[in-house]
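# Structural characterization, general
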Amino acid sequence: MTALRVLSIATLFPDTARPNFGLFVEKSLRALAAQPGIDLTIVAPVGLPPFPLSLHPRYRALRALPLREEWNGLTVLRPRFTLIPRIGAKRNPMAICQAVLHAVDGSTFDVVDAQFFYPDGPAAMYVAETLALPFSVKARGADISHFGHAPATAPQLLEAAGEAAGLLAVSEAMRRDMAAIGIDAQKIAVHYTGIDTARFHPGDRAAARAALGMDDTPAILTVGALIPRKGQALVIEALAALPGVHYWLAGAGEAERDYRALAARLGLADRVHLLGPVANADLPQLYRAADAVVMPSVSEGLANAWVEALACGTPIVISDAGGAAELVTAPVAGRIVARTPGAIADAVHAILAAPPLSGDVAASLGGRFDWDRNGRELAEHLRRCAQK
């Protein structure tokens, strides 16, 4: 088999400053690199604002990242590009393109792969045009729901979709969302994420709680950034109708102060526990400790936390966002609910009243989420794009 030389552009990719950032992109690319006949080069561009804004604590750690490093067995290039916070989204793709071309100067490729639709997709288009190569782009969620509708970014995103040799979506629902903004659905293949079943699998809930220092009171959990779009405020409000239930939030974000204030105002502060960022290695035990994972997001592609929770045997209560219906295919997997405190509370009540067996919850995934399959399908897709 002739080696397929892949240039993958991934603005979502972990680093020492952000170890959980784009973790599933890393895992997919590791699965791709493990396939026979794949020669993979990863470029994870790092956006920094002009000096002296780059000295801000938000960017200080990024300045220290190496330009090239071995990351969990993958060689990763991290060229810099100039980022103009808040107002520079329109120019980011071309800036990334220039950084990528400089980083890979002298190398030869067969296909360009973009792991997020914006800004990676248009950047891949410009790189591919310069190098006379085909390219592919994957859609994951907010890249379509936000950047696909914003006037400053949608034109480049749609142009990239039109020029791409092939497109990927994390769910069938994401494929429909892409088609709704004018992307040719015939070009889009559904590419489900993977799950490490050696780590994410059912376990003893009582033992998990004991290890985390939790008592035996009912526990619900949300994993994700503390931002309004994720809907944690609705879950806090639902606690008023869930006496005795404790709510654990794993993640950090701009809404943390608002959530603490809301819990205090409703007299629920003693039942709302903000854990801050939780390392991926610690998530399986946290999922197992919960009676349900509750995530009433405004929008999602197919949330990784949904899949992880089910793999650990914990049912989910989620909004009808993204690929929700592709995961909650039976009551044993959880409930799809309206984004209201009352609907959330009713669903949690139902699960607590008749908790499903963890093995049955995990079995509801039906073996659809596997990293080797993910890597194999990505390799086959890129070969089709490159016609090799």
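Residues numbered from 1 in each chain as written. Predicted model: local features only at pLDDT ≥ 70, side-chain atom pairs only at ≥ 80, totals over all residues. Heavy atoms only, no water.

## Topic: the overall build of the chain
- When helices and strands are tallied, the chain shows 16 helices and 16 strands.
- With respect to the principal axes defined by its C-alpha atoms, the chain has extents near 65 × 50 × 40 Å.
- Out of the 388 residues belonging to the chain, those deemed buried represent 55%.
- Sequence-distant contacts, at least 24 apart, represent 70% of the contacts inside the chain between residues at least 6 apart.
- Summing over all exposed atoms, the chain offers an accessible surface of approximately 16200 Å²; the carbon and sulfur share of this is 55%. (Helix = DSSP H or I, 4+ residues; strand = E, 2+ residues; numbered from the N terminus. Buried < 20%, exposed > 50% of the residue type's maximum accessible area, 1.4 Å probe, protein only. Contact = heavy atoms within 4.5 Å. Areas by Shrake-Rupley, 256 points an atom, 1.4 Å probe, with all protein chains shown as cover.)

## Examining unusual backbone geometry
- The linkage connecting Phe-51 with the following residue, Pro-52, adopts the cis geometry, with an omega of 5°.
- Along the polypeptide, Pro-52 turns up in the loop between β3 (46-48) and α2 (57-63).
- Residue Pro-119 is bonded to the preceding Tyr-118 through a cis peptide linkage, with omega at 10°.
- The residue Pro-119 is located in the loop between β7 (111-114) and α4 (120-131) in this model.
- Backbone geometry places Ala-132, a non-glycine residue, at a positive phi of 55°.
- Tracing the chain through its elements places Ala-132 in the loop between α4 and β8 (135-139).

## A word on helix α7 (residues 172-180)
- Among the residues of α7, Ala-173, Met-174 and Met-178 are the ones counted as buried. Projection of α7 onto a plane perpendicular to its axis shows the buried side chains occupying an angular sector of 145°, all on one side. Facing away from the buried side of α7 by more than 90 degrees, the exposed set consists of Arg-176 and Ala-180.
- Buried positions along α7 lie against β8, α5 (142-145), β9 (166-169), β10 (188-190) and α13 (324-327). (Arc of directions from axis to C-beta.)

## Some thoughts on helix α3 (residues 92-103)
- Compared with an ideal rise of 1.5 Å per residue, which puts 12 residues at 16 Å, α3 spans 16 Å between its outermost C-alpha atoms and is within 8% of the ideal.
- Looking at α3, one finds that the buried residues are Asn-92, Pro-93, Ala-95, Ile-96, Cys-97, Ala-99 and Val-100.
- Residues of α3 that are buried make contact with β1 (4-9), β2 (38-43), β6 (80-82), α4 and α6 (154-163). (Expected span 1.5 Å × (residues − 1).)

## Focus: the sheet that holds β1
- Spatially, eight strands are ordered β4-β5-β2-β1-β7-β8-β9-β10 in an open sheet, and the strand pairing comes out mixed. Either end of the sheet is taken by a strand with one partner, and the two such strands are β4 (68-71) and β10. With strand direction ignored, the average angle separating the axes of adjacent strands in the sheet is 25°.
- Alignment of β2 against strand β5 (residues 74-77), held across two bridges, turns out to be parallel. If you follow Val-43 over to β5, its bridge partner there is Leu-77.
- Packing against the sheet, helix α1 (residues 23-33) makes contact with β1, β2, β4, β5 and β7, and its axis sits at approximately 155° to β2.
- Contacts from α4 reach β1, β7 and β8, with the element oriented near 165° to β7. (Pairing = 2+ DSSP bridges. Axes fitted to C-alpha atoms, helices over the stretch in contact; angles between N-to-C directions.)

## Side note on the packing of aromatic side chains
- A full pass over the atoms with the stated rule returns four aromatic pairs.
- Judged by centre distance (5.2 Å) and plane angle (25°), the rings of Tyr-118 and Phe-147 are stacked. Placement of the pair is Tyr-118 in the loop between β7 and α4 and Phe-147 in the loop between α5 and α6, with a sequence separation of 29 residues.
- Here Tyr-118 falls in the buried class, since its relative accessible area comes to 1%. (Phe/Tyr/Trp six-rings, centres within 6.5 Å; stacked < 30°, edge-to-face > 60°.)

## Section: the pairing of strand β15 (residues 316-319)
- Residues Ile-316 and Ile-318 line one face of β15 and the alternating positions Val-317 and Ser-319 line the opposite face, and both faces are buried.
- Pairing analysis gives four bridges linking β15 to strand β16 (residues 334-337), with the strands arranged parallel. Residue pairing in the sheet places Val-317 in a bridge with Arg-335 of β16.

## Details of the pattern of salt bridges
- Applying the stated criterion across every chain, the model contains 10 salt bridges.
- Between Arg-18 and Asp-15 there is a salt bridge, with its nearest N and O atoms 2.6 Å apart.
- Relative accessible area serves as the criterion here: at 0%, Asp-15 is assigned to the buried category. (Salt bridge = Lys/Arg side-chain N within 4 Å of Asp/Glu carboxyl O.)

## Description of the packing of α1 against helix α16 (residues 371-386)
- α16 packs onto α1 with a crossing angle of 70° between their chain directions and a minimal axis gap of 7 Å. For the element pair α1 / α16, the angle class is roughly perpendicular. Two secondary-structure elements touch here, α1 through Phe-24, Lys-27, Ser-28, Ala-31 and Leu-32 and α16 through Trp-371, Asn-374, Gly-375, Leu-378, Ala-379 and Leu-382.
- A class-by-class count of the residues in the contact of α1 with α16 yields seven nonpolar, three polar and one charged. (Parallel < 35°, antiparallel > 145°, perpendicular 65-115°, else oblique. Nonpolar A, V, L, I, M, F, W, Y, C, P; charged D, E, K, R; others polar.)

## Quick look at the sheet that holds strand β14 (residues 292-295)
- The six strands lie next to each other as β13-β12-β11-β14-β15-β16, forming an open sheet whose pairing is parallel. Because the sheet does not close on itself, it has two edges, and the strands there are β13 (272-276) and β16. Across the sheet, the mean angle separating the axes of adjacent strands is 20° when strand polarity is ignored.
- Against the sheet, helix α12 (residues 304-311) contacts β11 (219-223), β14 and β15, and its axis sits at roughly 160° relative to β15.
- Against the sheet, helix α14 (residues 341-353) engages β11, β14, β15 and β16, with an angle of about 170° to β16.

## A short note on the nonpolar core
- Judged by nonpolar contacts, the single largest core of 81 residues is most densely connected at Phe-117, Met-178, Ile-183 and Tyr-287.
- Excluding anything up to four places from it in sequence, Tyr-287 contacts Phe-200, Leu-221, Val-223, Val-293, Ala-305, Glu-308, Ala-309, Cys-312 and Thr-314.
- Judged by nonpolar contacts, the second largest core, of 27 residues, contains Ile-220, Val-245, Ala-263 and Ile-351. (Core = buried A, V, L, I, M, F, W, Y, C linked by side-chain atoms within 4.5 Å.)

Function cannot be read off these values alone, since they describe shape.
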